[in-house]
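Descriptive analysis of the structure
For reference, the chains in residue letters:
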Amino acid sequence: MKVLITGGAGFMGSTFVEQFAANQFPEIESVRVLDALTYASNFTRIEKFLGKRISFQHGDITDERMAFKALSGIDICVNYAAETHVDNSIIDPNKFVIANSVGVGVLLNASKEIGLKKFVQISTDEVYGEIKKGEWNENSIINPRSPYSASKMSGELMVNSFYATYGLNTVITRSCNNFGPGQHREKLIPKTILNLLENKKIPVYGNGKNIREWLHSVDHARATYQVILHGKKGRTYNIGSGKRVSNINLIKRILKLMNRSESNIEFIEDR
Ligand code: NAD
């Protein structure tokens, strides 16, 4: 099985590539990475693996020519490529609409044209929005609350339309928050650690009591491999860990581990 990993130079895509390089995914014969190498990418995370089994194509998923080229000879496409930082989506939503919605449409159309065997869309649990109590399942109401999550939902709708209209074999995953090596410093855990190391304050939105669920990026890569192998046509799968913590308690835990006081926290107005 030949797999295209879009966004494979980013945090989670590169973790998938790294796990493949470490022979964790025996059913996959080769991996091709397509990545636009935006500010969020880290090419050094995959450069060391490039060779016979792992190749790289520099390009944008919104570019039709690039999409066709990247998909040629491929069996399964896993679309990790996206603009991913919620704060940036509030400042500049256009980029998110283009990458996370238009880009998915371009990839899907090329997938349909070449007769791709399976298309896996990496989406997010952020499409559910907020709940006061309990947890979501795949049939819960969708209520994205930021341009980021709305653009990801828009991508999902395109995926489902290609399943319903053309019978393309599509699967969607909605993961909770990931953490692990190689995450960009703009995200909560690396930002907290690096700010402390640089003697900067840690910004906390609102009262910090929002609860998030966390999953290690290697576990996400393993779950994605299972979806590649066994995900059913047209289905959506939540990927979670059951490990939940409020932002403020997570930050306090990091402060404790790094032997720092809570005076390093700075509360700021919610997004
Ligand atoms: P990231 O920002 O670290 O990496 C994204 C990668 O995509 C980068 O390498 C970037 O260069 C590439 N990219 C962006 N736009 C592109 C385009 N138009 N064409 C080609 N490449 C492009 O993101 P991440 O945290 O690794 O997230 C990967 C995927 O997982 C995203 O689709 C995201 O929505 C989803 N997701 C992330 C989390 C999380 O906690 N990080 C949780 C759930 C779902």
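**Observations regarding the site of the ligand**
Around the ligand, the structure places 28 residues, and the nearest of them are Met-12, Asp-35, Thr-84, Tyr-148 and Lys-152. Within the backbone of Ala-36, an N or O atom sits 3.1 Å from a nitrogen atom of the ligand. Side-chain polar atom of Thr-84 to an oxygen atom of the ligand: 2.7 Å apart, as the coordinates give it. Protein burial of the ligand: of its 830 Å² of free accessible surface, 96% is covered by the chains. Only α1 (11-21), β5 (118-124), α6 (147-166) and β7 (177-179) provide two or more residues apiece to the shell around the ligand. Taken together, the residues of the shell around the ligand break down into 14 nonpolar, 11 polar and three charged.

**Some words on the environment of Lys-232**
Structurally, the position occupied by Lys-232 is in the loop between α8 (217-230) and β10 (236-239). In this structure, the C-alpha to C-alpha distance between Lys-232 and Met-66, residues 166 residues apart in sequence, is 28 Å. Residue contacts for Lys-232: discarding those within four places in its chain leaves Thr-170, Val-171 and Tyr-237.

**Here we look at α6**
Here α6 contains 20 residues, and its C-alpha end-to-end distance of 28 Å stays within 8% of the 28 Å for a straight helix at 1.5 Å per residue. Where α6 is concerned, the buried positions are Tyr-148, Ser-149, Ser-151, Lys-152, Met-153, Gly-155, Glu-156, Val-159 and Phe-162. The inward-facing, buried residues of α6 contact α4 (86-91), α5 (93-114), β5 and β6 (170-175). Gly-167 sits one or two positions beyond α6 and adopts a positive phi of about 70°.

**Things to note about the sheet that holds strand β9 (residues 211-216)**
Hydrogen bonds between backbone atoms are what pair the strands of a sheet, whose relative direction is either parallel or antiparallel. Strand order in the open sheet formed by three strands is β7-β9-β11, and the pairing between neighbours is mixed. Each edge of the open sheet is held by one strand with a lone partner, namely β7 and β11 (244-246). The sheet shows a mean angle of 45° between the axes of neighbouring strands, taken without regard to direction. α8 rests against β7 and β9 of the sheet, and its axis sits at about 75° to β9.

**Describing the nonpolar core**
Ranked by size, the top nonpolar core spans 22 residues in total, and within it Phe-16, Ile-28, Val-31 and Val-78 carry the most contacts. When contributions to this core are tallied by element, the ones reaching two or more residues are β1 (2-6), α1, β2 (30-35), β4 (76-79), β5 and α8. At four residues, α8 tops the list of elements feeding residues into this core. One finds Ala-70, Ile-74, Cys-77 and Leu-116 within the second-largest nonpolar core, a separate group that totals 20 residues.

**Brief notes about the environment of Thr-15**
Structurally, Thr-15 can be placed in helix α1. With a relative accessible area of 1%, Thr-15 lands in the buried category. Residues Thr-15 and Val-218 lie 203 residues apart in sequence; the distance between their C-alpha atoms is 6.3 Å. Discounting chain neighbours no more than four positions away, the residues touching Thr-15 are Arg-45, Pro-181, Ser-217, Val-218 and Ala-221.

**Topic: unusual backbone geometry**
Phi at Asn-199 takes a positive value of approximately 55°, unusual for a residue other than glycine. Considering the arrangement of structural elements, one finds Asn-199 in the loop between α7 (188-197) and β8 (202-205).

**Digging into the side chain of Ser-89**
Along the chain, Ser-89 turns up in helix α4. According to the relative accessible area criterion, Ser-89 is buried, its value standing at 0%. Looking at Ser-89, its side chain comes within polar contact range of the main-chain oxygen of Val-86, at 2.7 Å. Side-chain polar atoms of Ser-89 contact the backbone nitrogen of Tyr-148, separated by 3.1 Å. Leaving out residues up to four positions away in the same chain, Ser-89 has contacts with Phe-96, Ser-146, Pro-147 and Tyr-148.

**A look at the side chain of Asn-247**
Residue placement: Asn-247 occurs in helix α9 (residues 247-257). Asn-247 sits in the buried class, given a relative accessible area of 12%. At 3.4 Å, the side chain of Asn-247 forms a polar contact with the side chain of Arg-212. Setting aside its immediate chain neighbours within four residues, Asn-247 contacts Leu-188, Gly-208, Asn-210 and Arg-212.

Cut-offs and rules
- Residues numbered from 1 in each chain as written.
- Predicted model: local features only at pLDDT ≥ 70, side-chain atom pairs only at ≥ 80, totals over all residues.
- Heavy atoms only, no water.
- Near = heavy atom within 4 Å.
- Polar contact = N/O pair within 3.5 Å; in protein donor to acceptor, adjacent residues only side chain to side chain.
- Areas by Shrake-Rupley, 256 points an atom, 1.4 Å probe, with all protein chains shown as cover.
- Helix = DSSP H or I, 4+ residues; strand = E, 2+ residues; numbered from the N terminus.
- Nonpolar A, V, L, I, M, F, W, Y, C, P; charged D, E, K, R; others polar.
- Contact = heavy atoms within 4.5 Å.
- Expected span 1.5 Å × (residues − 1).
- Buried < 20%, exposed > 50% of the residue type's maximum accessible area, 1.4 Å probe, protein only.
- Pairing = 2+ DSSP bridges.
- Axes fitted to C-alpha atoms, helices over the stretch in contact; angles between N-to-C directions.
- Core = buried A, V, L, I, M, F, W, Y, C linked by side-chain atoms within 4.5 Å.

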